[in-house]
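Coordinate inspection notes
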Amino acid sequence: MSANVPDQLFDVVCLLQKAARQNVQKPKFEHLQEPEPVKAPLTGPVKLARKRLEISCASSHPFAPKKEPENPLRDQYFEAVKFASKLRKRARLETFNPLHQKCASYLINVFYRIPLHKLKEAVEYAQTQVNISLLNYALSVALLHRDDAVKANIQLPSHLTTEPGMYFDMRRVKHNMPNPKANGIMSSEVPKTFVDMTDDFTATNLDPENKVAYFREDVGLNLHHRHWHEVYPYEGEEFIVKKDRRGELFYYMHQQILARYNFERFSNGLPRVKPFENFRDLIKEGYFPKSSEFSSRPANSKWDDLHREFFYTKVSSMERWRDRLFDAIDRGYAYTIDPHTKKEILKKIDEETGIDELANTIEAVEISSWNPRYYGNLHNRGHLFFSYVHDPDHRFQEASGVMSTSETAMRDPIFYRWHAYMDDIFQHYKRTLPPYTIEQRQFKGIEIKDVKIQSQDPKPDHNDEGNVLRTYWEKDAVDITHGLLNQDANKTNEHVYAGFTHLQHREFEYKIEVENTLHHDVIGTVRIFLAPHVDETGSPNTFNGQRRMFIEMDKFTAKLPAKEITNVKRKSVESSVTIPFEKTFMTLSDVQQLVKNNDKLNQEWSTAQNGYCGCGWPHYLLIGKGVPGKGLECDLFVMITNYEDDRVDESPLHQKCCDKSSLSYCGVRNKKYPDKKPMGFPFDRAIPNLHATINDFMTEKQEDFERQKTEDPEMEMPRRLSNMIVVPVRVKHEEGKPKCGKTLRNAGFNEETYV
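Read on for an overview of the structure. (Residues numbered from 1 in each chain as written. Predicted model: local features only at pLDDT ≥ 70, side-chain atom pairs only at ≥ 80, totals over all residues. Heavy atoms only, no water.)

1. Observations concerning the packing of helix α1 (residues 5–14) against helix α23 (residues 588–596)
The following threshold applies: Angles run from 0 to 180 degrees between N-to-C directions of axes, and those axes are lines fitted to C-alpha atoms, restricted for helices to the stretch in contact. Per the convention used, a helix needs a DSSP run of H or I reaching at least four residues, while a strand needs a run of E reaching at least two, with both numbered from the N terminus. Comment on the angle field: the value is read as roughly parallel under 35 degrees, roughly antiparallel over 145, roughly perpendicular from 65 to 115, and oblique elsewhere. Here a residue-residue contact requires only that any non-hydrogen atoms of the pair lie within 4.5 Å. Gly is placed with the polar residues, together with every amino acid not listed as nonpolar (Ala, Val, Leu, Ile, Met, Phe, Trp, Tyr, Cys and Pro) or charged (Asp, Glu, Lys and Arg).
Here α1 crosses α23 at 175°, and the two axes come no closer than 10 Å. The angle between α1 and α23 places the two elements in the roughly antiparallel class. In contact with Pro6, Asp7, Phe10, Val13 and Cys14 of α1, α23 contributes Leu588, Val591, Gln592 and Val595. Of the residues that constitute the contact of α1 with α23, the class distribution is seven nonpolar, one polar and one charged.

Spelled out as C-alpha cells, the structure:
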C-alpha cells in the first residue's frame, strides 16, 4: 500500500466538511477502469449505461456486433450522479425514504469502486450536482466499507461536525453569537464563543414524556443511531448490505435501545413504553422539534394513506404486510422467490437463521428479504407514516418530521412505541422456538462464587454498602465551527462551541470470583446484564417480564486455570458495548491527528480497550440514570459459557485490534459476528412457566423450584446452575449542579461560568 494512502484518504474525508467548489469541470476519467478483482456484479445505473451504449451502437452499425463500453466504471459514475440529482439540492435527506436511499446507493457503489487517486476529483464534481447531505451520507458509507480506508485505519468525523443543525437549534446558536453576521462571516472574524444548549428540549413537564427527554434528545445517542445505519445500510449492492447476521443485529440493537429507554422510564416513575400496535389508533404523543429543518406532529394525530411525490402507500397495505409476517411466523414457513426459477416457493424458517431473515424482511432489506413484494416494507414505511402524518398528501408542502431520518428519529417518543411493536413481532417469533435446555445454559465444572462492583472513583462514598453504581449530570462542549461556517478549522484558531448536559456515571470495576473444578484450563465467555428488580407496580419481575428489560453491559473472554479460583477483573471502560466520548464526537482535527500518528496513538485514545473505530453506544450512557437516595434496585446477572461453543474462528472474542469496538451492538467490521450464540443469549427466549423468576431460570430443574414454593415449603431448594449468578445492585443518581466535563475544560471555558 502506498505510503501516501492515509493522506489521500484524509483529503477525501475533508470534503465532508467543505462547501462545493465553484466552476468545477466535468472530470474526463480517461483511464478510470473497474478495479480488479470485482467483488460483485455491476448493477443499477451501469446496466442502464451499457444498454444505452448497445442501442446506440446497434443503430449506428446494424450489422456490427454489440460491444461492451470501454469505460464501464466511468459510465456508472455519471449515471449515478445523474440519478442522484433527482433529489433537489435544497431538500433534506430522509434516510428512510425509498427514493433517497436509492439515490444514495448508486453513489455509494461508485464511490466504493473508484480508485483512490480519482476519488477526490469524483467527489468534488458530484458536490456541484448532488444534494450535499445525500452526497455526505453516500461518501461516509463508502469510506466505511472501502478496503484501503479500513487498512489505513481512516476514521470519519462525527456527523455533528458536518451538520450540527440536525442536533442543535442553529437559530439559537446564531442568535447567541456576538457577531450578527455569523452566516457570512470570514474565518478571521469568527469569535471563540460558547453557546449553552442545556435543557434545549422540546416540551415542559406538563408532558410526561419530557421527563426522559434528556435521553431521547441526547446528541451522542442520536449520533450512534446515524452511524449504525451507515455501517448497515438497507439499500445497495450485496457486498455492502448483506453482512453477517445483519438482520439479527438490527433486531438486537433496537431491542437494547428499548431496554435502556425503559430503564430511564423506570428511573423517572414512568411505565415501560406501550407498543403502537393498532395502525388506526390516535397517536397521543405530539412532538414539536423546535427546528426549521422539521415539521411538528400535534397530539392525537392519525395515520392516513400516503400520497407522496415518489411513493404511495395505504394504511391497509401496512396492515396486510403485518398480517402476512405473523402468518409466516405462525406457520413456520415464508413465501420466498426461488433465485433460479423466479417462482414463489415455501421456505421453512429455521432456528439458526430465522431471526436474521425476519428482521431483514421487516426492515425491507431488498436483497435479503423473504419476498419484498409480498411482505412489503413495514419498518421503514412506518417511519414515513409518522413523519408525514401532518401532511400525508403534501397538499401543504410541509417538510417531514424527525422520524424520516436516522440521526433524528430517536428524539421522538413515537420512535420507541413503533420499535416496541417491531420488537413484539420479533418476540412473537422467538416464542415459537424451544426454551434453552439445561445443557445449553450450564457450563459444567465452572462455578461463579461471588460478584462485586467496586468504584474506581478516587473519592468514593464510604456510606455505600457495596455494589452501587452512581450517575450524575455532566456538561461538555463540542466544536461546531466546521458545520456552522462550512470550512476547515485548521484555518483559524477561533471556534464556536455548543455546550450540552448529559448523563454520566462514575467508572467502576467488576470483580468476579470463579472456580474451575476441571482438570484442564478453559476459556469462558463472561456475559454481564443489568435490569430493574421490580416492575411498574413495585412487584418483583417474573423472568418473562424481566428478560426484555435486561441491558447487556459487557461480554468478554477470561482464562480459567484448572483446579483454581480465579478473580476475574474487568473495568467498565473496557465494555464491549460502548465507545469513548472522543470517538462519538470525533472532529476533523482528531482524524488528522490519527493520520499523522497512526503508529503511536495518543494515550487518551488507547486507554479504552474497546477502541476508537467502529460504531458503538456512547460510553457515558452505559449506566441508566437510576434514582436519588436509596437508588433503583436492580439485578446484575453474570453468566459464563464455554468459549469453545461460542467461538467464531474468523473473529475471536479475545482479539486485540481496533475492530474490537462495540462488537455487541455493531459486530466486527468486515468479519463475522464474534459469538455463535443468539444475540441477547440467554434472555432472547421465554420459558413456559409464566410465574418463574430469574432465580427459577438459574436452577437445574425449574419445575422443582415452582413445586417447592407451592406444594412443599420444606422441600430442599434445587441447585443453582453454578455458571450463573444474580447479585443485587443499586443505581443511585447524584442530584445537583452538573460537573464540568473534560472537553469543556479543554476548550478553555471557566467552570464557574458555564456549569
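2. Thoughts on the side chain of Glu264
Note the cut-off: Burial here depends on accessible area, computed with a 1.4 Å probe over protein chains only, as a share of the maximum for the residue type. Under 20% is buried, over 50% is exposed, and the range in between is partly exposed. The charged-residue count follows a simple rule in which Lys and Arg add positive charge and Asp and Glu add negative charge, with His and chain termini not counted at all. Just to be clear on terms, a salt bridge is a Lys or Arg side-chain nitrogen sitting within 4 Å of an Asp or Glu carboxyl oxygen. N or O atoms within 3.5 Å of each other form a polar contact, as long as, within protein, one can give a hydrogen and the other can take it, and as long as residues adjacent in sequence are counted only when both atoms are side-chain atoms.
The topology assignment puts Glu264 in helix α13 (residues 246–267). Lacking a salt bridge, the buried Glu264 has Arg260 as its closest oppositely charged neighbour, with an N-O distance of 6.7 Å. For Glu264, the side chain forms a polar contact with the side chain of Tyr214, separated by 2.5 Å. Those residues in contact with Glu264, other than ones at most four positions away along the chain, are Val212, Tyr214, Phe215, Leu503, Gly624 and Lys625.

3. Some points on the pattern of salt bridges
Two side chains of opposite charge can pair, provided their charged atoms sit close to one another. Applying the stated criterion to the full structure yields 36 salt bridges. Residues Glu121 and Lys118 are paired through a salt bridge, measuring 3.9 Å at the closest nitrogen-oxygen approach. Of this pair, Glu121 and Lys118 both sit in helix α5 (residues 116–129), three residues apart, which is roughly one turn of that helix. Salt-bridge contacts for Glu407 lead to Arg226; the nearest nitrogen and oxygen are separated by 3.3 Å. On the criterion of sequence distance, the pair formed by Glu407 in the loop between α17 (378–387) and α18 (413–430) and Arg226 in helix α11 (residues 219–231) is long-range, its members being 181 residues apart. Exposure remark for Arg226: the relative accessible area of 2% places this residue in the buried category. Several salt bridges share partner residues, and in doing so they unite Arg527, Lys555, Asp646, Asp675 and Lys677 into one network.

4. Focus on the environment of Ile283
Position of Ile283 relative to the elements: it lies in the loop between α13 and β2 (306–307). Ile283 gets classed as buried once you look at its relative accessible area, which sits at 0%. Sequence separation between Ile283 and Pro298 is 15 residues; the distance between their C-alpha atoms is 8.8 Å.

5. Some remarks on empty space enclosed by the protein
Here is the rule we go by: For cavity detection a 1 Å grid was placed over the protein atoms alone, and a set of points counts as a cavity when a 1.4 Å probe fits there but cannot get out; an open set counts as a pocket when protein lies on both sides within 12 Å along at least five of seven lines, with lining residues being those that have an atom within 4 Å of a point. Grid points are joined across faces, edges and corners, and a volume is the space filled by probe spheres set on the points.
In this structure the tally under the stated criterion is seven cavities of 30 Å³ or more. Quantified by volume, the largest cavity comes out at close to 270 Å³. Broken down by element, the residue count for the lining of the largest cavity peaks at six residues, all from α11. Split by residue class, the lining of the largest cavity holds seven nonpolar, 11 polar and three charged. Space inside the second largest cavity adds up to approximately 70 Å³. Forming the boundary of the second largest cavity are 13 residues, of which Gln255, Arg547, Gly680, Phe683 and Asp684 lie nearest the centre. At four residues, α13 tops the list of elements feeding residues into the lining of the second largest cavity. Tallied by class, the residues present in the lining of the second largest cavity amount to six nonpolar, four polar and three charged.

6. A short note on α5
The following threshold applies: Here a helix's expected span is defined as the number of its residues, less one, multiplied by 1.5 Å.
Spanning 14 residues, α5 covers 21 Å between terminal C-alpha atoms, matching the ideal 20 Å at 1.5 Å per step. Among the residues making up α5, those that are buried are Leu116, Leu119, Ala122, Val123, Glu124, Tyr125, Ala126 and Gln127. Packing partners of the buried residues in α5 comprise α1, α3 (72–84), α4 (98–113), α6 (132–145) and α7 (147–151).

7. Topic: unusual backbone geometry
Of note, the amide linkage connecting Phe681 to Pro682 takes the cis form, showing an omega dihedral of 10°. Relative to the helices and strands, Pro682 resides in the loop between α26 (663–666) and α27 (694–697). Phi at Lys290 is positive, roughly 55°, even though this residue is not glycine. With respect to the helices and strands, the residue Lys290 is situated in the loop between α13 and β2. By relative accessible area, Lys290 is classed as partly exposed at 43%. The backbone of Asn467 sits at a positive phi, close to 50°, despite the residue not being glycine.

8. Some points on the sheet that holds strand β9 (residues 508–516)
Stated formally: By definition, two strands form a pair when at least two bridges between them are found by DSSP.
Within the open sheet, the three strands sit side by side as β6-β9-β12. Their pairing is antiparallel. Each of the sheet's edge strands pairs with one partner strand only, and the pair in question is β6 (446–455) and β12 (564–571). On average, each strand axis in the sheet is inclined to that of its neighbour by 20°, with strand direction left out of account. Examined bridge by bridge, β9 and β12 share eight bridges and lie antiparallel to one another. Bridging from a neighbouring strand, Tyr510 pairs with Arg570 of β12.

9. Quick notes on the state of the cysteines
Threshold: Cysteine sulfur pairs qualify as disulfides if the two atoms are within 2.5 Å.
The final tally for this structure, using the stated rule, is one disulfide. Through a disulfide, Cys615 is tied to Cys666; the S-S separation comes to 2.0 Å. Of note, the bridge from Cys615 to Cys666 carries an S-S torsion of about -125° and is left-handed in sense. Taken together, the residues Cys615 in the loop between α24 (603–606) and β14 (617–618) and Cys666 in helix α26 connect sequence positions 51 residues apart. Like Cys615, the residue Cys666 is buried in the burial classification.

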